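Fold and geometry: a report
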Amino acid sequence: MKKQVCDFAGPIIVGAGPSGFAVAACFKSRGIESLILERAHCTASLWRLKTYDRLRLHLPKSFCELPLMPFPAALPRYPTKRQFLSYLDAYAAEFGLHPRFGVAVVSAERDASAGLWRLRADSGEEFTTRWLVVATGENAEPAVPGIPGMANFLGPVLHTSAYRSGEAYRGKRVLVVGCGNSGMEVALDLCDYNAIPTIVVRDTVHILPREMLGQSTFGLSMWLLKWLPVRTVDRFLLIVARLVLGDTARLGLPRPKLGPLELKSLTGKTPVLDVGTLASIKSGYIKVRPAIKRITDQGAEFVNGRIEEFDVIILATGYKSNVPRWLKESDLFSEEDGLPRKPFPNGWKGQNGLYAVGFTKRGLLGASLDAVRIAQDVELCCKADRE
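The sections below set out a description of the structure shown in this document. Just so you know, these numbers come straight off a predicted model, no measurement behind them.

Here we look at the overall build of the protein
Along the backbone of the protein there are 10 helices and 23 strands. Against the 2.2 N^0.38 benchmark of 21 Å for 387 residues, the protein shows a C-alpha radius of gyration of 22 Å, consistent with a compact globule. With respect to the three principal axes, the spread of C-alpha positions in the protein is 70 × 55 × 40 Å. For the protein, the residues scored as buried account for 51% of the 387 residues in total. With 50 positive and 39 negative side-chain charges, the protein shows a spacing of 4 Å between the two charge centroids.

Here you go:
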């Protein structure tokens, strides 16, 4: 059977999540038609299929809107998962974005002789383009750690990508592995459904109130950074956090030596914005334990020697990029973690028409900034061709 090849004149975007939509809309606003390829059968599959029900945007909506279209004014400051998905659906309709669903790109490599990128889908279909935009993001695949003894545990083990609500875990002893925003929120959700959650805190962590002085902590930080150095802003944040939340180290949640903003800038590690979990930890409804030494058939042994029994283990261990698995290129993206080698704001552009969007470790705001840059760059290439 003859191989089907689609020679597309405009950019091809791999990924129909918020990042892919952002760059496609920016292309559309400049009169550039793009093709979006999506392996799932829906848009924003991470949000629709792999997030828990109580999820809200962690940052105010003003920092999470995509280019060219703000959130509706009637929405709350922190939109719910359902409200955010409705916004994405409206965004796609506004800009006429129609992804090709069920197209999983298994390889993409540069054909230097033709001056094109060649993409091959799992169906055998091929696509060629001058401009390839990687929009699969930092959270393409669940990151599952290799904890000793995990295979011996007799109860269910699931990643947060499979967790929806605490309803199914009423009365269950649940070990939540990971203390980022997801781990903290899942533990709180379990608590709300009368489960018995224990959260594992393997490393240091910055916990900040979601709001300070009547403003969002993130928004206040961004405003202060216009006038003050990072370390000064960090000191201010930690002083207010101590006044509002108390000494988190006494609860088994020691802080890193670097301040929250400096740590985020250097490592990409995001501080936890507390939405009520800390109060449940203080009251004893959520227990905190150190790193796991090993998993037993009935529970876990921790590095302090304590052994406890659990009914369920939930891995709040985050996600990872899958780019190295399919993109045959190593200049823009690292083969180790699948992220751009150059830090923000310089990781959006590679060589020979290759771009990255949604890999800034700065959420939707970072993706939107990169989307605008990419569209401007491709537009310049198109204008140069016509001259």
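Here's the deal with the side chain of Thr248
Along the chain, Thr248 falls in the loop between helix H6 (230-245) and helix H7 (260-267). A polar contact of 2.8 Å, which involves the side chain of Thr248, links it to the backbone oxygen of Leu253. Excluding its chain neighbours within four sequence positions, the residues that come into contact with Thr248 are Leu253, Arg255 and Leu278.

Description of the packing of aromatic side chains
Centre-to-centre distance and the angle between the planes together describe a pair of aromatic rings. By the definition in use, this model includes 12 aromatic pairs. Every member of this aromatic cluster is reached through a ring pair, and the members are Trp47, Phe71, Phe84, Tyr87, Tyr91 and Phe95. Here the basic side chain of Arg210 rests over the ring of Tyr78, its NZ or CZ set 3.9 Å away from the ring centre.

Details of the sheet that holds strand E17 (residues 287-289)
The parallel open sheet is built from 5 strands, whose spatial order is E10-E21-E11-E12-E17. The sheet is open, and its two borders are formed by strand E10 (157-159) and E17, each paired with just one other strand. Each strand axis lies, on average, 25° off the axis of its neighbour in the sheet, ignoring direction. On the sheet, helix H4 (residues 181-192) packs against strand E11 (173-177), strand E12 (196-200) and strand E21 (312-315) and is oriented at approximately 165° with respect to E12.

Considering the packing of helix H5 (residues 217-224) against H6
Contact geometry for H5 and H6: axes closest at 10 Å, N-to-C directions at 150°. Crossing angle aside, the handedness with which H5 passes H6 is right-handed. Taken together, the residues of H6 that come into contact with H5 (itself represented by Thr217, Leu220, Ser221 and Leu224) are Val233, Phe236 and Leu237. Grouping the amino acids of the contact of H5 with H6 by side-chain chemistry returns 5 nonpolar, 2 polar and no charged.

Describing the nonpolar core
Counting residues in each nonpolar core, the largest one holds 68 residues, and the members touching the most others are Phe27, Tyr91, Leu190, Ile199 and Ile374. Contributing elements (two or more residues each) for this core: helix H1 (18-29), helix H3 (81-95), E11, H4, helix H8 (277-282), E21 and helix H10 (363-386). In contact with Leu190, not counting residues within four places along its chain, are Tyr163, Gly166, Tyr169, Val174, Val176, Ala195, Pro197 and Ile314. Of all hydrophobic cores here, the second largest spans 22 residues; its members include Ile12, Ala108, Trp326 and Phe359.

Overview of the sheet that holds strand E20 (residues 307-309)
One open sheet holds the 3 strands; their spatial order is E18-E19-E20, and the pairing between them is antiparallel. Two strands in the sheet have a free side with no partner beyond their single neighbour: strand E18 (292-295) and E20. Direction aside, neighbouring strands of the sheet carry axes that sit 25° apart on average. Sheet analysis places strand E19 (residues 299-302) next to E20, joined by 3 bridges and oriented antiparallel.

Thoughts on the packing of H1 against H3
Remark: H1 packs on H3, axes separated minimally by 10 Å, with the N-to-C direction vectors making an angle of 25°. Judged by the angle between their axes, H1 and H3 are roughly parallel. Classified by chirality, the crossing of H3 by H1 is left-handed. In this structure, H1 contributes Pro18, Phe21, Ala22, Ala25 and Lys28 to the contact, and H3 contributes Phe84, Leu88, Tyr91, Ala92 and Phe95. For the contact of H1 with H3, the per-class residue count stands at 9 nonpolar, no polar and 1 charged.

Concerning H7
Residues of H7 that are buried: Pro260, Leu261, Glu262, Leu263 and Lys264. Those residues of H7 hidden inside the fold are in contact with strand E13 (207-209), H5 and H6. Of the residues one or two after H7, Gly268 is the one with positive phi, at around 85°.

Digging into a nonpolar patch on the surface
Together, Trp223, Trp227 and Leu228 make up a nonpolar patch on the protein surface, roughly 380 Å² of accessible area in all. Exposure remark for Trp223: the relative accessible area of 47% places this residue in the partly exposed category.

Structural notes on the pairing of E11
In terms of burial, E11 is a largely internal element, 4 of the 5 residues being buried. What joins E11 to E12 is H4, and the crossover it makes is right-handed.

A closer look at the pattern of salt bridges
Once the charged atoms of two side chains with opposite charge are near each other, the side chains can pair. This model, assessed by the stated rule, comprises 19 salt bridges. As a salt-bridge pair, Arg118 and Asp111 come within 2.6 Å of each other at their nearest N and O atoms. In this structure Asp111 comes out as buried when scored by relative accessible area, which is 17%. Several salt bridges share partner residues, and in doing so they unite Arg39, Glu141 and Arg325 into one network.

Cut-off values and rules
Residues numbered from 1 in each chain as written. Predicted model: local features only at pLDDT ≥ 70, side-chain atom pairs only at ≥ 80, totals over all residues. Heavy atoms only, no water. Helix = DSSP H or I, 4+ residues; strand = E, 2+ residues; numbered from the N terminus. Rg over C-alpha atoms; globule rule 2.2 N^0.38 Å. Buried < 20%, exposed > 50% of the residue type's maximum accessible area, 1.4 Å probe, protein only. Lys, Arg positive; Asp, Glu negative; His and termini not counted. Charge placed at Lys NZ, Arg CZ, Asp CG, Glu CD. Polar contact = N/O pair within 3.5 Å; in protein donor to acceptor, adjacent residues only side chain to side chain. Contact = heavy atoms within 4.5 Å. Phe/Tyr/Trp six-rings, centres within 6.5 Å; stacked < 30°, edge-to-face > 60°. Lys NZ or Arg CZ within 6 Å of the ring centre and 35° of its normal. Pairing = 2+ DSSP bridges. Axes fitted to C-alpha atoms, helices over the stretch in contact; angles between N-to-C directions. Left-handed = near helix turned anticlockwise from the far one by under 90°. Nonpolar A, V, L, I, M, F, W, Y, C, P; charged D, E, K, R; others polar. Core = buried A, V, L, I, M, F, W, Y, C linked by side-chain atoms within 4.5 Å. Parallel < 35°, antiparallel > 145°, perpendicular 65-115°, else oblique. Patch = residues over 30% accessible without salt bridge, like charges linked within 9 Å, V, L, I, M, F, W, Y side chains within 5 Å. Areas by Shrake-Rupley, 256 points an atom, 1.4 Å probe, with all protein chains shown as cover. Salt bridge = Lys/Arg side-chain N within 4 Å of Asp/Glu carboxyl O. Right-handed = clockwise from strand over helix to strand, strands pointing away.

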